[in-house]
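Single-letter residue listing:
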Amino acid sequence: MIGRVKTGWRLLEASRPGRRFQDRYRRRQQSVRGFHPSRILYVIGGLALMVVSAFFGWLPILGWGTVVLGLGMIAGEFRPAAWLMDRLEVRLRKVFAPVAKAFRRLNPWAQLAVSTCIALLTFALMYGVYSASFGG
C-alpha cells in the first residue's frame, strides 16, 4: 500500500501544474473500471478529512492541509472536482510563490516559530470571533 501511495505521489508531482488532478482522474478511471468499493472509500475518506478539518481549521497545516488532501481524494473520482483543483493550484501558486520562497529560505527553527505564531494568531482571532458572536 505504501508503494502505491509513493507511486501515486510521484505521478502527481511529475504532472504539469494545471493538469495534475485531471491526469490523476484519468489514470484512476482507467485503473478502476465500473463499480468498485475503493471509489466509495475515496469519496468517504475525502469527505471525512474535510469534516475533521473543520475542527482543526485554525491550525495552518492540519486544518487547510487536510482539506486539500480530502479534495484531492474526491478529485480522483469526479472530473469537476479535478478541474477545480487544477484551477485552484495554478492560482494559489501565483499568490503564494513569493511567500513559500521566503519561508523555505528560513532555518528550521524560524519556520517552526513562524508556523507557531500563525497558529496562535489564528486561534486568538477565532476566539475573538467566538467571544464577539456569543458574548462570552
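So, here is what we can say about the structure in this document. (Residues numbered from 1 in each chain as written. Predicted model: local features only at pLDDT ≥ 70, side-chain atom pairs only at ≥ 80, totals over all residues. Heavy atoms only, no water.)

A short note on the pattern of salt bridges
The line we're drawing: Should a side-chain nitrogen of Lys or Arg be within 4 Å of a carboxyl oxygen of Asp or Glu, the pair is scored as a salt bridge. Numbering goes from the N terminus for both helices and strands, where a helix is a DSSP run of H or I of at least four residues and a strand is a run of E of at least two. When a residue's accessible area, from a 1.4 Å probe over protein chains only, is under 20% of the maximum for its type it is buried; when over 50% it is exposed; and in between it is partly exposed.
Per the counting criterion, the structure on display carries five salt bridges. Glutamate 89 serves as the salt-bridge partner of arginine 20, at 2.6 Å between the closest nitrogen and oxygen. Residue arginine 20 is found in helix H2 (residues 20–31), and its partner glutamate 89 is found in helix H5 (residues 79–105); the two are separated by 69 residues along the sequence. By the burial criterion, arginine 20 is buried, and glutamate 89 matches it. Close ionic contact of aspartate 23 with arginine 26 constitutes a salt bridge, the shortest N to O distance being 3.3 Å. You can see aspartate 23 and its partner arginine 26 sitting in helix H2, three residues apart, about one turn around the helix. Judged by its relative accessible area of 13%, aspartate 23 falls in the buried class. Salt bridges sharing partners connect three or more residues here, namely Arg19, Asp23 and Arg26.

Examining the nonpolar core
In plain terms, the rule: Nonpolar cores were defined as sets of buried Ala, Val, Leu, Ile, Met, Phe, Trp, Tyr and Cys residues, with membership established by side-chain atoms within 4.5 Å. Between two residues, a contact is recorded if the distance between any of their heavy atoms is within 4.5 Å.
With eight residues, the main nonpolar core is built from Leu12, Phe21, Tyr25, Ile74, Ala75, Ala81, Ala82 and Met85. Of all the elements in the fold, those that place two or more residues in this core are H2, helix H4 (64–75) and H5. Ranked by residues supplied to this core, first place goes to H5 with three residues. Those residues within four positions of leucine 12 in sequence are excluded, and the remaining contacts are Arg20, Phe21, Arg24 and Arg27.

What about a nonpolar patch on the surface?
Going by this rule: Like charges are joined within 9 Å and nonpolar side chains (Val, Leu, Ile, Met, Phe, Trp, Tyr) within 5 Å, but only among residues with over 30% relative accessible area and no salt bridge; these make up the patches. Note that accessible areas follow from Shrake-Rupley with a 1.4 Å probe, and for residues the cover is restricted to the protein chains shown.
Residues Trp83, Leu84, Leu88, Leu92, Val95, Phe96 and Val99 make up a contiguous nonpolar surface patch of roughly 660 Å² in combined accessible area. The topology assignment puts leucine 92 in helix H5. Given a relative accessible area of 45%, leucine 92 falls into the partly exposed group.

Observations concerning the packing of H4 against H5
Packed helix pairs are specified by the crossing angle of their axes together with the interaxial distance, meaning the distance between the axes. Put simply, the rule is: Every axis corresponds to a line fitted to the C-alpha atoms, with the helix fit spanning only the stretch in contact, and the corresponding angles, defined between N-to-C directions, vary from 0 to 180 degrees. Note that the term roughly parallel is reserved for angles under 35 degrees, roughly antiparallel for angles over 145, roughly perpendicular for angles of 65 to 115, and oblique for everything else. When residue character is reported, Ala, Val, Leu, Ile, Met, Phe, Trp, Tyr, Cys and Pro are called nonpolar, Asp, Glu, Lys and Arg charged, and the others, Gly included, polar.
Two elements in contact, H4 and H5, have axes whose closest approach is 7 Å; the angle formed by their N-to-C orientations is 135 degrees. Classed by the angle they form, the pair H4 and H5 counts as oblique. Between H4 and H5, the contacting residues are Val68, Leu71, Gly72, Ile74 and Ala75 on the first element and Ala81, Ala82 and Met85 on the second. Counted by class, the contact of H4 with H5 contains seven nonpolar, one polar and no charged residues.

Examining the packing of helix H3 (residues 37–55) against H4
Just so we agree on the cut-off: Left-handed describes a crossing whose near helix is turned anticlockwise from the far helix by less than a right angle; the clockwise case is right-handed.
Close contact between H3 and H4 brings their axes to 8 Å; oriented N to C, the two are set at 160 degrees. Here H4 runs roughly antiparallel to H3, going by the angle between their axes. Considering the relative orientation of H3 and H4, their crossing is left-handed. Facing Tyr42, Val43, Gly45, Gly46, Leu47, Leu49, Met50 and Ser53 of H3, the residues of H4 in contact are Thr66, Val67, Leu69, Gly70, Leu71, Met73 and Ile74.

Structural notes on the packing of aromatic side chains
Rules: Think of it this way: a Phe, Tyr or Trp ring, Trp meaning its six-membered ring, pairs with another when their centres are within 6.5 Å, and the plane angle makes it stacked under 30 degrees, edge-to-face over 60, tilted otherwise. Only when the NZ atom of a Lys or the CZ atom of an Arg is both within 6 Å of the ring centre and within 35 degrees of the ring normal do we say a charge sits over the ring.
Here the structure, examined in full by the defined rule, presents one aromatic pair. Between tyrosine 130 and phenylalanine 134 the ring centres are 5.2 Å apart and the planes differ by 50 degrees, which places this aromatic pair in the tilted class. In this pair, tyrosine 130 and phenylalanine 134 are both assigned in helix H6 (residues 108–134), four residues apart and thus about one turn of the helix distant. Given the relative accessible area of 47%, tyrosine 130 is considered partly exposed. Residue phenylalanine 134 is classed as exposed on the basis of its relative accessible area of 63%. Across the ring face of tyrosine 42, the terminal group of arginine 28 is positioned such that the distance to the ring centre comes to 3.8 Å.

Bear in mind that shape data such as this cannot, by itself, settle questions of function.
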